[in-house]
There are 2 protein chains.
Amino acid sequence: MSEIAIVGAGMMGSALCWPLSDNRQSIRLVGTFLDEDIIRSCQTTGIHPKLQRHLPQRVVPYSYTQMKEALTGVDFIVSGVSSFGVDWFARTTGPFLQPEIPVIAVTKGLEDQPDGDLQILPVATNNRLPDEKKGKISLNAIGGPCISHELAARRQTAVVFCGQDYRVLEKLRGIFAADYYHIRLSTDVTGVEVCAALKNAYAMGVSLAMGMMDRSGADGLANMYNPQAALFGQSCLEMRRLLEITQGGVENVSWLPGAGDLFVTVFGGRTMRLGRLLGQGFSFKEAREQLAGETMESVEIITRVARALPKLAARGVTRLEYFPFLLHLDQIINHGQVVNIPWNKFYLDA
Amino acid sequence: MSEIAIVGAGMMGSALCWPLSDNRQSIRLVGTFLDEDIIRSCQTTGIHPKLQRHLPQRVVPYSYTQMKEALTGVDFIVSGVSSFGVDWFARTTGPFLQPEIPVIAVTKGLEDQPDGDLQILPVATNNRLPDEKKGKISLNAIGGPCISHELAARRQTAVVFCGQDYRVLEKLRGIFAADYYHIRLSTDVTGVEVCAALKNAYAMGVSLAMGMMDRSGADGLANMYNPQAALFGQSCLEMRRLLEITQGGVENVSWLPGAGDLFVTVFGGRTMRLGRLLGQGFSFKEAREQLAGETMESVEIITRVARALPKLAARGVTRLEYFPFLLHLDQIINHGQVVNIPWNKFYLDA
C-alpha cells in the first residue's frame, strides 16, 4: 500500500481516486485554492460535488491550507490541476517535491515560447520548480481517452502513462492499474503530451459540425456525421503535422493519445458544448457567456498554437497552409469571425 | 456535360447522383439483379426507396436487363455494387469496359488469397475481367467518410478518390466535386482501399461498447465513450499494422480514409446495429436474425482477414499478437464466443 497525494480536486484528478482506492492505496485528495467548496463537501458529506458521487474508501480530503501535512510522507504525487494551474502547482508543491517521489500529471496543455516553440507541460513545470529541484524531479503524465465521470463509474478506460524512465512508469502502473483502468507506457513524452493538448483544440473544432446541424435543421436525419468525420480527418492530419514540428512520434495520432482521445473529447462535455454553440452561429463572446464558470482549455490551446504557428513558419519550421482548421478556430475565438469551414484548404498534401 | 453510368442502385452508388446532378452531368442509374424493386420505384415514382428521396434531375433509371443500352456511349462508369457483387460487376460490365472509360468504385472489401495475401478490390476486379481487358481498364475507387443518406442530403462530405493515374483522378474530381462534396486525390490505392475495407470490421468492434452499456445499465450517464474510445484506439493501431502488411501508407490511418471513415461508420447504421446487439449479449446467430436482409460487409471482412492472419504469421509477415481485437471479433462471429474484450492483450508495442 502506498500513500498518494492528488493535488487538485477537479474532476479528472479526483476520478483517479477510484482505481487507486480499488487498488487499496491510501489517498489524500488536496484541493487548490479554487477547490475549497469541493473539499468542504468531501469532508462533510463524502460527496464530490462535480462528480456527484460518494468518494470511495481510503480517500482523505485536504484543503490547500494543509499542503505541508498533505504532502509529508507520500510516495507519489498526482498533479490534478488544469493548464491554468501549472504555475501554482510548481510554486506550491515545489518545496515538497523529492527525486524519489514521482509526480504524474493529468494536466493537458502546451505553452508557446517567444520564438514559437511549443513546450510540453512536464518541461514547463520543471522550469518553474525551485532552482535546487530543477531537473531532479520525475515528472510524468497521463494521456489517452478518459472522461472523468466514466472513470469514476468504473467504465473500461485505456490510457497512456508517459515519462522518461520506464521503470518509474512501471511502478506507477502497478499503483494505478485496475481491471477497468488499462495503462500502457510510453517514453515518448512529447508525442503523448502534444496529442493530449491538441485534442481539446480539435474536439472543439469537430463539434462545430453539431451546431451547424442544429442551425441548418436536421433534415430528417438524426445527426450529421459526414461533416464531423471530415473535420475529424483534418484534425488528425494537423495533429500529425504538429507532432512533426515538436518531434513527437507521429504514430501517436493513430492510437489512444491522438484519434482515441479526440474521439472521446468530441462527445465529452464543455469543449463540445462550446463548439456546438459556435457552430449554431453564436459569437465566441456569446458562447463564452453561456458557459460562464467553465474552464476552457480548448480556447487556451487554440490561442497558443495559433500564436506560435506564424513564428514557426517564419523560421521555416512549417507552413501556415498546413493548419487551415486550427487557424480558422483561432479566427473564430480571437478575431470575431463566424464559422465558415475552409473546406478547400483542407487535406493539403495529405 | 458527361454521360455517367452508375452500376448498382444501392444506397452509396445512388447517393452519388446528387453531386453528379448538381454538376449538370447526365446520369444513368443501373440496378443489379437485386435492385429491380428499387429501379421500378425510381422509374414509376422517381423516389429511391432506400434513400427515401426523390432522385435529382438528370437521372435515368435502368434495369440490369438493359445493361448494353445503359453502358453504350458513357464517359465514366461508377461501380456501386457491394463487395459481394464484384464478381457480377466484372462479368456483366466487363464486355462493355474500355481503356478510355474510367471506372470508379464505392465498393469496400479485401479478398484473402490462399497464401494469406490480402487483395484490394481494384486488383480483384481486374483479375475477373475478360482476358482481353485485363490490365487495360482504369479502375479507381472512393475512400473516406461518407454516409450515403447524408451525401444525398447535400451535407458537407470529404472523400478520397484513389487510382494509379493522377490525371484520371483529376478528371474524375472535375466530374464529381460539389461545394458540399470535397474530393482529395491519392495514388496510394492500397493504403486507401485497405482502410476503406477495415473500417467496417473495426466499426463493428467499436460499437460493441454501445451494447455493453445497454447491458450494464447506463449508470446515470448518457453514454459510454471511454470504452468506445479505447476500442477506437486499438482499431487504429491494428489498421496501421494491416497497412504495414499490405504495404499501404500508414499515414492513411490518420486522416480521412482511416480514423475519419471509422468515426463515421461507428455511427452509421447496420454495422453499428450488429455490434450493439453483440455487445448486448446476443449471439451472432441471434443478431444476424434481427438484421435479416441487411448486407453485412463487416462480417465478411472480419472473416477474411482473420482467415488470412494465421497464414501471414506463419510466413513471418506479421504476428498474431498484433491483432487481438480483430481475432476476438472473428471468435464472436465465427466461433460462437461471447463478447469479452481482451483488454490485456491490447496496445501491444504501440
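Residues numbered from 1 in each chain as written. Chains lettered and ligands numbered in written order. Predicted model: local features only at pLDDT ≥ 70, side-chain atom pairs only at ≥ 80, totals over all residues. Heavy atoms only, no water.

**Some details on the overall build of chain A**
Helix and strand content of chain A: 15 helices and twelve strands. On C-alpha atoms alone, chain A measures out to a radius of gyration of 20 Å, which is about the 20 Å that the 2.2 N^0.38 rule sets for 350 residues. Principal-axis analysis of the C-alpha atoms places the extent of chain A at approximately 55 × 45 × 35 Å. Of the roughly 12,800 Å² of accessible surface on chain A, a fraction of 48% belongs to carbon and sulfur atoms. (Helix = DSSP H or I, 4+ residues; strand = E, 2+ residues; numbered from the N terminus. Rg over C-alpha atoms; globule rule 2.2 N^0.38 Å. Areas by Shrake-Rupley, 256 points an atom, 1.4 Å probe, with all protein chains shown as cover.)

**Some remarks on the interface of chain B and chain A**
Each side of the interface is counted separately: chain B has 46 residues, and chain A has 46 residues. In total, about 4,200 Å² of surface goes out of reach between chain B and chain A, with carbon and sulfur atoms giving 64% of it. Broken down residue by residue, the surface that chain B buries against chain A is led by Arg155(B), Asn226(B) and Phe263(B), which jointly contribute 17%. Linking chain B with chain A are zero salt bridges, by the criterion used here. Where chain B packs against chain A, one counts 20 residue pairs in polar contact (both at pLDDT 80 or more). Broken down by element, the side of chain B that touches chain A gets its largest block of residues, eleven residues, from helix α10 (residues 225–246) of chain B. (Contact = heavy atoms within 4.5 Å. Buried area = accessible area lost by both parts, 1.4 Å probe. Salt bridge = Lys/Arg side-chain N within 4 Å of Asp/Glu carboxyl O. Polar contact = N/O pair within 3.5 Å; in protein donor to acceptor, adjacent residues only side chain to side chain.)

**Some details on a nonpolar patch on the surface**
Side chains of Phe33(A), Leu34(A) and Tyr64(A) sit close together on the surface and give an oily, nonpolar patch of about 330 Å² of accessible area. For Leu34(A), the position within the fold is in the loop between β2 (26–30) and α3 (36–44). (Patch = residues over 30% accessible without salt bridge, like charges linked within 9 Å, V, L, I, M, F, W, Y side chains within 5 Å.)

**Notes on the relation of the copies chain B and chain A**
After a rotation of 180° and a shift along the axis of 0.0 Å, chain B superposes on chain A with an RMSD of 0.0 Å. On the angle and the small slide along the axis, the relation comes out as a two-fold axis. Within chain B, the C-alpha atom positioned nearest to the axis of rotation is that of Ser254(B), 2.9 Å from it. A symmetric contact is evident, with 100% of the interface residues of chain B recurring at the interface of chain A. (Least-squares fit on C-alpha atoms with pLDDT ≥ 70 in both.)

**Some points on the packing of helix α9 (residues 189–216) of chain A against helix α11 (residues 256–266) of chain A**
Residues and elements named next belong to chain A. One way to put it is that α9 packs onto α11 with a least axis distance of 8 Å and a crossing angle of 40°. In terms of orientation, α9 lies oblique with respect to α11. The hand of the α9/α11 crossing is right-handed. On α11, the residues touching Val-192, Cys-195, Ala-196, Lys-199, Asn-200, Tyr-202, Ala-203, Val-206 and Met-210 of α9 are Pro-257, Gly-258, Asp-261, Leu-262, Thr-265 and Val-266. Of the residues that constitute the contact of α9 with α11, the class distribution is ten nonpolar, three polar and two charged. (Axes fitted to C-alpha atoms, helices over the stretch in contact; angles between N-to-C directions. Parallel < 35°, antiparallel > 145°, perpendicular 65-115°, else oblique. Left-handed = near helix turned anticlockwise from the far one by under 90°. Nonpolar A, V, L, I, M, F, W, Y, C, P; charged D, E, K, R; others polar.)

**Focus on the sheet that holds β2(A)**
Residue and element names in this part refer to chain A. With respect to topology, eight strands assemble into an open sheet ordered β5-β2-β1-β6-β7-β10-β11-β12, the strand pairing being mixed. Both outer strands of the open sheet, β5 (59–62) and β12 (181–186), are each paired with one neighbouring strand and no more. For this sheet, the mean angle separating the axes of adjacent strands, direction not counted, is 25°. Across the sheet, helix α8 (residues 166–176) lies against β1 (3–7), β6 (76–79), β7 (103–105), β10 (139–143), β11 (157–162) and β12, angled at about 175° from β12, the strand it touches most. (Pairing = 2+ DSSP bridges.)

**Topic: the sheet that holds strand β10 (residues 139–143) of chain B**
What holds strands together in a sheet is hydrogen bonding between their backbones, with the strands either parallel or antiparallel. Residue and element names in this part refer to chain B. The strand order across the open sheet built from eight strands is β5-β2-β1-β6-β7-β10-β11-β12, with neighbouring strands paired in mixed fashion. On the outer flanks of this sheet lie β5 (59–62) and β12 (181–186), each paired with one strand and no other. Neighbour-to-neighbour, the strand axes of the sheet open up by a mean angle of 25°, direction not taken into account. The pairing of strand β2 (residues 26–30) with β5 spans four bridges and is classified as parallel. The partner of Leu-29 across the bridge, within β5, is Pro-61.

**Quick word on the environment of Tyr64(A)**
All names here are of chain A. Assignment of secondary structure puts Tyr-64 in the loop between β5 and α4 (67–71). By relative accessible area, Tyr-64 is classed as partly exposed at 32%. Once the C-alpha coordinates of Tyr-64 and Phe-33 are considered, the two residues, 31 residues apart in sequence, prove to be 6.0 Å apart. The residues touching Tyr-64, leaving out its near neighbours within four places in the chain, are Val-30, Gly-31, Thr-32, Phe-33, Glu-36 and Trp-88. (Buried < 20%, exposed > 50% of the residue type's maximum accessible area, 1.4 Å probe, protein only.)

**Overview of the pattern of salt bridges**
Under the defined criterion, the tally for this structure stands at 38 salt bridges over all chains. Among the ionic pairs, Glu3(A) bridges to Arg28(A), the shortest N-O distance being 3.0 Å. One end of the pair, Glu3(A), is in strand β1; the other, Arg28(A), is in strand β2, and 25 residues separate them in sequence. Look at Arg28(A) and you get buried, because its relative accessible area is 11%. Between Glu289(B) and Lys285(B) there is a salt bridge, with the nearest N and O atoms lying 3.5 Å from each other. In this pair, Glu289(B) and Lys285(B) are both assigned in helix α13 (residues 284–290), four residues apart and thus about one turn of the helix distant.

**Digging into the side chain of Ser79(B)**
All names here are of chain B. Relative to the helices and strands, Ser-79 is located in strand β6 (residues 76–79). Judged by its relative accessible area of 4%, Ser-79 falls in the buried class. Discounting chain neighbours no more than four positions away, the residues touching Ser-79 are Val-7, Phe-89, Ile-104, Ala-105, Val-106 and Thr-107.

**So, the confidence of the model for chain A**
In the predicted model, chain A carries a mean pLDDT of 95, and 98% of its residues have values of at least 70. Confidence metrics for the complex model read pTM 0.95 and ipTM 0.95. (pLDDT = per-residue confidence, 0-100.)

**What about helix α15 (residues 324–334) of chain B?**
Every α-helix winds through 3.6 residues per turn, so residues three or four apart in the chain are directed the same way. Residues and elements named next belong to chain B. In terms of burial, α15 is largely enclosed, as eight of its eleven residues are buried. Turning to α15, its buried residues are Pro-324, Phe-325, Leu-326, His-328, Leu-329, Asp-330, Ile-332 and Ile-333. In this structure, the buried residues of α15 make contact with α9 (189–216), α10, α12 (270–280), α13 and α14 (297–314). Gly-336 occupies a position one or two residues after α15 and carries a positive phi of about 70°.

**Examining unusual backbone geometry**
All names here are of chain A. Its identity is not glycine, yet Arg-58 carries a phi of approximately 70°, on the positive side. Here Arg-58 lies in the loop between β4 (53–54) and β5. What makes Arg-58 partly exposed here is its relative accessible area of 29%. Positive phi, close to 65°, is recorded for Gln-247, a residue that is not glycine.

**Description of the packing of α9(B) against α15(B)**
All names here are of chain B. Where α9 contacts α15, the two axes come as close as 10 Å, and the packing angle between them is 80°. Taken together, the axes of α9 and α15 are roughly perpendicular relative to one another. In this structure, α9 contributes Ala-201, Tyr-202, Met-204, Gly-205, Val-206 and Leu-208 to the contact, and α15 contributes Phe-325, Leu-326, Leu-329, Ile-332 and Ile-333.

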